[in-house]
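An overview of the molecular structure
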Amino acid sequence: MSTSTLLQRISTHGGFNFIVTNRLPRRAATRFMAWFSRIEQPVVRDLSIWIWQLFGGSLNLDEAKKSAFTSVHDCFVRELRPGVRPIDRSPETVISPCDAIVGECGVVRDGQLVQAKGITYGLADLLTDRALADSCRNGVFATLRLTSTMYHRFHAPYDCRIDEVIYLPGDTWNVNPPTLARKAGVFCLNERAIIVTRLVGMPASVLLVPVAAILVAGIHLEFCDMTFNLESIGPRRLGCRARAVKGEELGHFRHGSTIVVLGTPGLILAA
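Here is what the cut-offs are and how they apply
- Residues numbered from 1 in each chain as written.
- Predicted model: local features only at pLDDT ≥ 70, side-chain atom pairs only at ≥ 80, totals over all residues.
- Heavy atoms only, no water.
- Pairing = 2+ DSSP bridges.
- Helix = DSSP H or I, 4+ residues; strand = E, 2+ residues; numbered from the N terminus.
- Axes fitted to C-alpha atoms, helices over the stretch in contact; angles between N-to-C directions.
- Salt bridge = Lys/Arg side-chain N within 4 Å of Asp/Glu carboxyl O.
- Buried < 20%, exposed > 50% of the residue type's maximum accessible area, 1.4 Å probe, protein only.
- Contact = heavy atoms within 4.5 Å.
- Phe/Tyr/Trp six-rings, centres within 6.5 Å; stacked < 30°, edge-to-face > 60°.
- Lys NZ or Arg CZ within 6 Å of the ring centre and 35° of its normal.

What follows covers the sheet that holds strand E8 (residues 205-211). The strand order across the open sheet formed by seven strands is E1-E4-E13-E8-E7-E6-E11, and the pairing between neighbours is antiparallel. Two strands bound the open sheet, and with one partner strand each, they are strand E1 (101-107) and strand E11 (236-244). Neighbouring strand axes in the sheet, compared pairwise and without regard to direction, differ in orientation by 15° on average. Across six bridges, the pairing between E8 and strand E13 (residues 258-263) is antiparallel. Its bridge partner lying in E13, Val 211 is registered against Thr 258.

Okay, structure coming up:
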């Protein structure tokens, strides 16, 4: 067994991973990473990316728009080359907003969503807005997990108007499978933003809820040029009159995390 494989097995072992990534000072570690990842020094950059690949697994940079990066942060938030992700333009299809692993998906039943097997959480607790929660009751949801080595930008799932953004400050629990299986209501505890979109030409809405986590140094929203991080004041409601076409970039994480996608009744999940 190679050293790389052994390290990956240790780092992904459920109990070990949960303790190491959640019992350390999460907020302090996140602030440190926000600073450290921006160091523009070649030795620091190259060694950090090497360690990242060693523990995180496959880091495919062949699809990146540029081939050289100034820092680890620059690599984290890399753009893709044009045409690497062809967009399904068919009018009946709402696309995924990001590269991700589907953690859970299904119908919102009795105001509850599935976090992990045997663990649920409340839609109203996630959104903290009764009217928004009611609009998605009996709708559909999908939990999209972005691992650390994935492309970290997210995009409009359909031609849409963006009416409002709600920012909710919170904790920085890890949102990986070991944590989701052990800690209830993680998405409701962590820092997050709620992007309220109205689909153009469809009697439906989609809510995107980017959820930050440990080492995530911020959520940047491109359409309103806002960045939220541990220093941001909240809760806050931001009205906006933005428009986006399907596939247009909406924002990015400063590290891997999760987006909970909520659709109002009438939308159907499909593979």
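Picking up after the structure, the text goes on.
What follows concerns the pattern of salt bridges. Tallying each qualifying case throughout the model produces eleven salt bridges. Note that Asp 74 is salt-bridged to Lys 66, the shortest N-O span being 3.0 Å. A relative accessible area of 14% means that Asp 74 is categorised as buried. The exposure class of Lys 66 is partly exposed, given its relative accessible area of 39%. Of the charged contacts, one joins Arg 198 and Asp 163 as a salt bridge, the two residues approaching to 2.8 Å between their closest N and O atoms.

Once that is clear, we can look at the side chain of Thr 143. By the element assignment, Thr 143 lies in strand E4 (residues 140-145). Given the relative accessible area of 3%, Thr 143 is considered buried. When residues no more than four places from it in sequence are discounted, the contact partners of Thr 143 are Ile 101, Val 102, Gly 103, Glu 104, Val 114, Phe 187, Thr 258 and Ile 259.

What follows is about the pairing of E13. Summarising burial for E13: six of the six residues are buried, a large majority. Neither face of E13 is left uncovered, since the one carrying Thr 258, Val 260 and Leu 262 and the one carrying Ile 259, Val 261 and Gly 263 both have all their residues buried. Bridge count for E4 against E13 is six bridges, and the pairing is antiparallel. When the sheet's bridge partners are listed, Val 140 is paired in E13 with Gly 263.

Now for the pairing of E8. On a regular strand, one side chain projects to one face of the sheet and the next to the other, so that they alternate. Summarising burial for E8: seven of the seven residues are buried, a large majority. Residue alternation in E8 divides its side chains into two sets, Ser 205, Leu 207, Val 209 and Val 211 and Val 206, Leu 208 and Pro 210, and both sets are buried. Where strand E7 (residues 192-199) folds back on E8, the antiparallel hairpin that results is connected by five residues, among which Gly 201 adopts a positive phi of roughly 80°.

By the secondary structure assignment, Thr 120 is in strand E3 (residues 119-122). Residues Thr 120 and Val 211, 91 residues apart in the sequence, show an inter-C-alpha distance of 16 Å. Each residue touching Thr 120, except ones within four places of it in the same chain, is listed here: Gln 112, Leu 113, Val 114 and Gln 115.

On to the packing of aromatic side chains, then. Two aromatic rings, taken as a pair, are described by how far apart their centres are and by the angle between their planes. Enumeration over the complete set of coordinates arrives at seven aromatic pairs. Ring centres of Phe 32 and Phe 36 lie 5.5 Å apart, and the angle between their planes is 20°; this geometry places the pair in the stacked category. Of this pair, Phe 32 and Phe 36 both sit in helix H3 (residues 26-36), four residues apart, which is roughly one turn of that helix. Using a relative accessible area of 45% as the deciding quantity, one classes Phe 32 as partly exposed. Measuring from centroid to centroid gives 6.3 Å for Trp 35 and Phe 36, while their planes differ by 55°, and the two rings are tilted. Judged by relative accessible area, which is 24%, Phe 36 ranks as partly exposed. Grouping aromatic residues by their ring pairs yields a cluster made of Phe 32, Trp 35 and Phe 36. Between the NZ or CZ atom of Arg 26 and the centre of the ring of Trp 173, over which it lies, the distance is 3.9 Å.

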